[in-house]
Amino acid sequence: MNTVVADITYRAMLGRKRIWLLILLPVALVALAALLRLINGHDEQTAVTLMKSFAIGTMLPLLGLIAGTGVIAPEIEDGTIIHLLSKPISRPVIAVTKFVVAASLVAVFAAVSTFAAAYLLTGSESGVATGFTLGALFGGIAYAAVFLLLGVLTRHAVAVGVIYALLWEGVVGGYVPGARKFSIQQWAQSLADQISSSPFFSSEVTLGFAVPAVVLVTVGAVVWTGQRLRSLSLTGDD
Amino acid sequence: MTTEPTAVIHDIGYRHYDGVRLGRGRATLALGVQSLRGVFGLGRTTRAKIMPLLLVAIMLMPTVVSIGVMALAKQYVMPYPGYAIFMQAVIAVFLAAQSPYLVAPDLRFRVLPLYLSRPLTVTDYVLAKLTALAIALFGLLAVPLTIQFVGELLVDLPGPPHTGDYLGALGGAVLFALLLSTVSIALASFTPRRGLGVAVVIAFFMFTAAVSTTFFAVLSVSGRDSVAPWALLLNPFFLVDSVQSALFGTAPATGEGYPSGIASCAILLAVIALAVTGVLLRYRKAAS
């Protein structure tokens, strides 16, 4: 963890157009929750639908994608990463720093808005708000780590990330039950299910699988990012 | 004393171009064709070909399965009009991955003035890019549909061939191409960074899909059945499907009815007009 690198990365993330996407999606979630509250009043089933399909299913992977690739991919694309890599800072430390920045951004934007939206719809009833907040927090951290790794592995990180989040988790996971075991989204839901006692919500993956999976994927992705940065080559691409 | 020339311009043999100058129309056509090839990775590096060819292969998979089922079980399993709705996630990924390629590099490397120093105008440039993506998307939808139709004719199912469905789906493919390509280009052209462009376009499609599903579910559950179908129209894919079923009489892919067809047509036209205006304004600004 290097505070100067973290500081520069925060400024790059929060000072550009990227921040609008980071802000717009959480604001849209809270606005939707407010609108649904106006239409339907307090309703636990609505809250669970909104949390599952929008907060965990759409906003979380998108925020993870924007933050995870945003902290490193533009620098690699511009070639300015060379200035960072030529400093006497070990590459794994750079990787960890970038991960901490991305994870903290996803955690703040995703978890806070998820809690606000769920609280607006259900209050503190049957733990829906706290459950989904916890799920969004850990799911977001895992997404940030995986998409950070993609950012150093390929120039088409965002497109590959979209294919994972949309086609694998969304479409393949919808038809093939086995694919759901290997989906960050499902792990986030099983964490949420652990706390919430809502009868409208049940997760498919057991907690005993989800927690080790989240930890393993996060740690593995960050370590691999560090290893990959040690031998990063800056070759041109179309 | 003789004065030696201190500087000399050597004639090193550059020659003028004396041939026919083909003008604005041909320049637009050339840009359009080059963009269309680029969408599928032709004329680019091998790495750039992987993504579009993979997505084209995925788009063909249901067709292959459907022809197989028709040949072996003699059953018409996948109706033509529902194909685009069924594959909407793949189409969204295709648009997100390829539309920033069309607009982002030119903005990022500031080469727009180079294009505009030729007879090409801003409108021609935008038109060429929009047409290229629209033709690419139409091809992506029409080729699998046509293969399936040819397969159906060859298999010779009992009963008449579903020619009406097929033609309706082709008409729908034109609408999909027009709406989705203008919207994608409009969103992608706002940022000169390709990665961010991909994120913006996919965020739009995922967001509209999630919002429309959520509202439809909530409104249906709470018994507001007259309002619920309007929520479906928030998703651009269902919007086109509703126009398709209104214009060509195909069955709605959702199994639910849509609100009146005239309203859907008006919304469709309004969104296309808004997107095209947005792109033109964006490029007026970028060019000046």
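The written sequence of each chain sets the order in which its residues are numbered from 1. Here chains are named by letter from A upward and ligands by number from 1 upward, in the order in which they appear as written. A pLDDT threshold of at least 70 governs which residues receive local features in this predicted model, and a stricter bar of 80 or more applies before side-chain atom pairs are shown or counted, although totals over entire chains, interfaces and linings include all residues.

Here we come to the overall build of chain A. Here a helix means four or more residues in a row that DSSP labels H or I, a strand means two or more in a row labelled E, and each is numbered from the N terminus. A tally of regular secondary structure across chain A gives 10 helices and 0 strands. Reading the helices (α) and strands (β) of chain A from amino to carboxyl end gives α-α-α-α-α-α-α-α-α-α. Against the 2.2 N^0.38 benchmark of 18 Å for 238 residues, chain A shows a C-alpha radius of gyration of 18 Å, consistent with a compact globule. With respect to the three principal axes, the spread of C-alpha positions in chain A is 55 × 35 × 35 Å. We take the radius of gyration over the C-alpha atoms and set the globule estimate at 2.2 Å times the residue count to the 0.38 power.

Moving on, we get to the overall build of chain B. What chain B contains, in helices and strands, is 11 helices and 0 strands. For chain B, the C-alpha radius of gyration of 24 Å lies well beyond 19 Å, the compact-globule estimate for 288 residues. Once C-beta atoms are placed from the backbone, each residue is buried if 20 or more other C-beta atoms lie within 10 Å of its own, exposed if 12 or fewer, and partly exposed for counts between those two. Sorting the 288 residues of chain B into buried and exposed places 43% on the buried side. Pairs at least 24 residues apart make up 76% of the contacts formed inside chain B by residues separated by at least 6 positions. Contact between two residues is assigned when their C-beta atoms, built from the backbone, lie within 7 Å.

Of the residues lining the interface, 35 residues belong to chain A; the matching set on chain B comes to 30 residues. Contributing elements (two or more residues each) for the side of chain A that touches chain B: α2 (18–40), α3 (44–70), α4 (73–78) and α8 (157–175) of chain A. Top element by residues in the side of chain A that touches chain B is α3 of chain A. It accounts for 12 residues. Residues were grouped as follows: Ala, Val, Leu, Ile, Met, Phe, Trp, Tyr, Cys and Pro as nonpolar; Asp, Glu, Lys and Arg as charged; and all remaining residues, including Gly, as polar. The residue inventory of the side of chain A that touches chain B, partitioned by class, reads 21 nonpolar, 10 polar and 4 charged.

Attention now goes to the packing of helix α1 (residues 23–39) of chain B against helix α6 (residues 122–155) of chain B. Residue and element names in this part refer to chain B. The axes are straight lines fitted to the C-alpha atoms, using for helices just the contacting stretch, and the angles between their N-to-C directions are given from 0 to 180°. Where α1 contacts α6, the two axes come as close as 8 Å, and the packing angle between them is 40 degrees. For the element pair α1 / α6, the angle class is oblique. Seen along the crossing, α1 lies across α6 with a hand that is right-handed. Facing Arg-24, Thr-28, Leu-31, Gly-32, Ser-35, Leu-36 and Val-39 of α1, the residues of α6 in contact are Asp-124, Tyr-125, Leu-127, Ala-128, Lys-129, Thr-131, Ala-132, Leu-133, Ile-135 and Ala-136. The residue inventory of the contact of α1 with α6, partitioned by class, reads 10 nonpolar, 4 polar and 3 charged. Angles below 35 degrees are treated as roughly parallel, those above 145 as roughly antiparallel, those between 65 and 115 as roughly perpendicular, and all remaining angles as oblique. Two helices cross in a left-handed way if the nearer one is turned anticlockwise from the farther one by less than a right angle. They cross in a right-handed way if the turn is clockwise.

Residues and elements named next belong to chain B. Relative to the helices and strands, Leu-31 is located in helix α1. For Leu-31, a count of 20 C-beta atoms within 10 Å corresponds to the buried category. Taking C-alpha positions, Leu-31 is 36 Å from Ile-262, a pair spaced 231 residues apart along the chain. Among residues more than four places away in sequence, those in contact with Leu-31 are Leu-120, Tyr-125 and Ala-128.

What follows covers the confidence of the model for chain B. Each residue carries a pLDDT score, the predictor's confidence in it, ranging from 0 to 100. For chain B, per-residue confidence averages 89 on the pLDDT scale, and 98% of positions sit at 70 or higher. Predicted as a complex, the structure gets a pTM of 0.89 and an ipTM equal to 0.87.

Quick look at helix α6 (residues 91–122) of chain A now. Note that an α-helix has 3.6 residues per turn; residues three or four places apart therefore point the same way. Helix span, as expected, comes to 1.5 Å for every residue beyond the first. Over its 32 residues, α6 of chain A runs 45 Å from end to end, which matches the ideal 46 Å to within 8%, given 1.5 Å per residue. Of the residues trailing α6 of chain A, Gly-123 of chain A is marked for its positive phi of about 70 degrees.

This paragraph deals with α2 of chain A. With 23 residues, α2 of chain A should cover 33 Å at 1.5 Å per step; its first-to-last C-alpha distance of 34 Å lies within 8% of that length. Contact partners of the buried residues in α2 of chain A: α1 (3–14), α3 and α6 of chain A together with α8 (194–221) of chain B. In the segment just after α2 of chain A, Gly-41 of chain A is the residue with positive phi, at about 75 degrees.

Residues of type Ala, Val, Leu, Ile, Met, Phe, Trp, Tyr and Cys that are buried and joined through C-beta atoms within 7 Å form what is called a nonpolar core. Grouped together as the largest cluster of nonpolar side chains are 158 residues, with contacts concentrated most on Ala-55, Leu-63, Val-106, Ala-144 and Val-162 of chain A together with Val-93 and Ile-202 of chain B. Here the element with the most residues in this core is helix α7 (residues 128–153) of chain A; it accounts for 18 residues.

How two helices sit against one another is set out by the angle between their axes and by the gap between those axes. Residue and element names in this part refer to chain B. Remark: helix α7 (residues 163–188) packs on helix α11 (residues 261–287), axes separated minimally by 8 Å, with the N-to-C direction vectors making an angle of 35 degrees. In this structure, the crossing between α7 and α11 has a hand that is left-handed. Note on element contacts: α11 touches α7 through Leu-268, Val-271, Ile-272, Ala-275, Val-276, Gly-278 and Val-279, opposite Leu-175, Leu-178, Leu-179, Thr-182, Val-183, Ile-185 and Ala-186. Looking at the contact of α7 with α11 residue by residue, the class counts come to 12 nonpolar, 2 polar and no charged.

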